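# Per-entry structural report
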Amino acid sequence: MPSAVFFSGTVQVAALSNFLPGELDAIARQVQTPFYAYSTQAIRERVASLQHVFRGLDVRICYAVKANSNLAILQLMALHDVGADIVSLGEMQRSLKAGIPAGRIVFSGVGKTADEIDAALAAGVWRFNVESVDELHLIQHVAQERGASARAAVRINPDVDARTHAKISTGKAENKFGVSIDEARRWFAASASLSHVQLDGLHAHIGSQILDLEPFRMALQRVEAFRRELVGAGHAIASVDIGGGLGVTYRPGVDKPVDIADYASLVRETFAGFKGTLALEPGRWLVAEAGVLVTRAIRVKHGSDRQFLVVDAAMNDLLRPSLYDAWHEIVPLHGRDEPDVAYDVVGPVCETGDTFALGRVMPRCEAGDLLMLGGAGAYGASMGSTYNSRPLPAEVLLDDGRYAVVRRRQTLAEMMAGEQFPQAWHET
Ligand code: LLP
């Protein structure tokens, strides 16, 4: 369900459909800038529409925590019966703390350690999505040591081009994720030797910000064909996890996301013969468009041939433009009728890559004006750092005309916590 598109001057502004400039301005006075704001309503709507299109199917939605791991967002997921897809013990702790039951948690990732596997078994996570034979044997070993049985799915690398940015493509044979169908076949053939691992699931996740149904179709068909083959060979397959990857509109009129109803139809058709549990791991689709990053212009710098709009948010707050050349809407909230100017919108960090946009045309701004960066609800705060010793920004949740601070701005003391001058020297 794409968000409505609003207009600011001549510019289409999707992000404004969830936020009123006046309320962001009022919050900015309270919490200072930069800060992330998330719309509870927008997240609820996404969750509800995903649940709606899959109604009647045995589906578990396991939110990809990495997209936005704020406890308040996770609590919102818990309240709406959404589970979690985690890749670290930190994400597990957050999920449990926010009220997501362990039985609704899937554990993905290529680098699970023995300690992580042990802690996940102790917590009772639903399932491990296993990415290598070494990991499979480690899970068997750790489960045996603790006298537990681990449920496991093999992550298939279906060798499908997701037609997205190379850095967020995961389903090609050259990517580090998952194993080939040939290798997975061997795992199942030898699965009787796994006394403490119940290998009865399949998993595939081919990439992120996918705007086209075809890569999903190809990947899911390969997974389903393999599932049938396995069942034919006498293996019970209880769950199939179809990953995340659904793209969103960062650039109105340019990004054309997959219609969620079409996606659900594809899943229903492809898995019509499957009687087990389907798992989904959406991250971005649930939260990206529900969030904005609000920043204040520090100054306009007139370069020899460019106009730089220097804002108080930077690449440490929102890394996507620097890392992936990602396009985010940038909307001045001053509301004045100003002529359009082409700005390079940059942050204060000492890197040329600390650039949110090049030559972006928008109504003229001046020092002190607030601006909003759209599509910042996913992979925004969760990828933040304190680079250049900039404390992590505040995060607020909006609901029905009210807001709550769900992460207060980090203090300088908190930023330095844990560091110390050498107090004791130990022999190596
Ligand atoms: N499941 C697995 C196993 C994943 O690796 C991911 C994302 C997801 C689910 C969720 O994918 P989504 O529904 O959000 O597309 N930092 C990048 C995105 C990296 C995605 C990594 N894996 C960005 O800002 O675009």
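Summary of the structure given here. (Residues numbered from 1 in each chain as written. Predicted model: local features only at pLDDT ≥ 70, side-chain atom pairs only at ≥ 80, totals over all residues. Heavy atoms only, no water.)

## Description of the environment of Trp126
Here Trp126 is to be found in the loop between helix 5 (114-123) and strand 7 (127-130). On a C-alpha basis, the gap between Trp126 and Arg151 in space is 6.9 Å, while along the polypeptide they are 25 residues apart. Once residues lying within four places of it in the same chain are set aside, the contact partners of Trp126 are Arg60, Cys62, Ala102, Gly103, Arg104, Ile105, Val106, Arg151, Ser239, Thr277 and Ala279. (Helix = DSSP H or I, 4+ residues; strand = E, 2+ residues; numbered from the N terminus. Contact = heavy atoms within 4.5 Å.)

## Side note on the sheet that holds strand 5 (residues 83-86)
The eight strands are arranged 4-5-6-7-8-9-10-11 in a closed barrel whose pairing can be described as parallel. For this sheet, the mean angle separating the axes of adjacent strands, direction not counted, is 30°. The strands that helix 7 (residues 181-189) touches are strand 7, strand 8 (150-155) and strand 9 (197-203); relative to strand 9, the one it contacts most, it runs at about 155°. (Pairing = 2+ DSSP bridges. Axes fitted to C-alpha atoms, helices over the stretch in contact; angles between N-to-C directions.)

## What about the environment of Glu174?
The topology assignment puts Glu174 in the loop between strand 8 and helix 7. Each C-alpha atom of the pair Glu174 and Asn157 lies 9.4 Å from the other, and the pair is 17 residues apart in sequence.

## As for the pattern of salt bridges
Taken as a whole and judged by the stated rule, the model has 21 salt bridges. Across the pair Arg336 and Glu338 runs a salt bridge whose closest N-O atoms are separated by 2.7 Å. Arg336 gets classed as partly exposed once you look at its relative accessible area, which sits at 32%. Between Glu414 and Arg408 there is a salt bridge, with the nearest N and O atoms lying 2.7 Å from each other. Here Glu414 falls in the partly exposed class, since its relative accessible area comes to 31%. Overall, the relative accessible area of 52% leaves Arg408 in the exposed class. (Salt bridge = Lys/Arg side-chain N within 4 Å of Asp/Glu carboxyl O. Buried < 20%, exposed > 50% of the residue type's maximum accessible area, 1.4 Å probe, protein only.)

## Considering the layout of surface pockets
Think of a ball as big as a water molecule: rolled over the atoms, this probe shows where empty space is left. In this structure, the largest pocket occupies an estimated 680 Å³ of space. Taken together, 34 residues make up the lining of the largest pocket; nearest its centre are Lys66, Thr170, Phe177, His205 and Tyr379. The dominant element in the lining of the largest pocket, judged by the number of residues it contributes, is helix 4 (residues 89-97), at three residues. Here the lining of the largest pocket is composed, by residue class, of eleven nonpolar, twelve polar and eleven charged. (1 Å grid on protein atoms, 1.4 Å probe; cavity = no way out; pocket = protein on both sides within 12 Å on 5 of 7 lines; lining within 4 Å. Points joined across faces, edges and corners; volume = space filled by probe spheres on them. Nonpolar A, V, L, I, M, F, W, Y, C, P; charged D, E, K, R; others polar.)

## Topic: the packing of aromatic side chains
Under the defined criterion, the tally for this structure stands at six aromatic pairs. With 6.2 Å between their ring centres and 20° between their planes, Tyr36 and Tyr38 make a pair best called stacked. Just as Tyr36 is buried, Tyr38 falls in that class too. An angle of 65° between the planes, with centres 6.4 Å apart, marks the rings of Phe271 and Phe274 as edge-to-face. For the pair shown, Phe271 and Phe274 are each scored as buried. For Arg46, the ring lying beneath its charged end belongs to Trp285, and the centroid distance is 4.5 Å. When the ring centre of Trp126 is taken as reference, the NZ or CZ atom of Arg127 above it lies at 4.7 Å. (Phe/Tyr/Trp six-rings, centres within 6.5 Å; stacked < 30°, edge-to-face > 60°. Lys NZ or Arg CZ within 6 Å of the ring centre and 35° of its normal.)

## Structural notes on the packing of helix 7 against helix 8 (residues 213-232)
At a closest axis distance of 12 Å, the pairing of helix 7 and helix 8 adopts a crossing angle of 25°. In this view, helix 7 runs roughly parallel relative to helix 8, as classed from their interaxial angle. You can see that helix 7 and helix 8 cross each other, and the crossing is right-handed. Together, Ile181, Ala184, Arg185 and Phe188 of helix 7 and Arg222, Phe226, Glu229 and Leu230 of helix 8 make up the contact between the two elements. Class assignment of the residues belonging to the contact of helix 7 with helix 8 gives a composition of five nonpolar, no polar and three charged. (Parallel < 35°, antiparallel > 145°, perpendicular 65-115°, else oblique. Left-handed = near helix turned anticlockwise from the far one by under 90°.)

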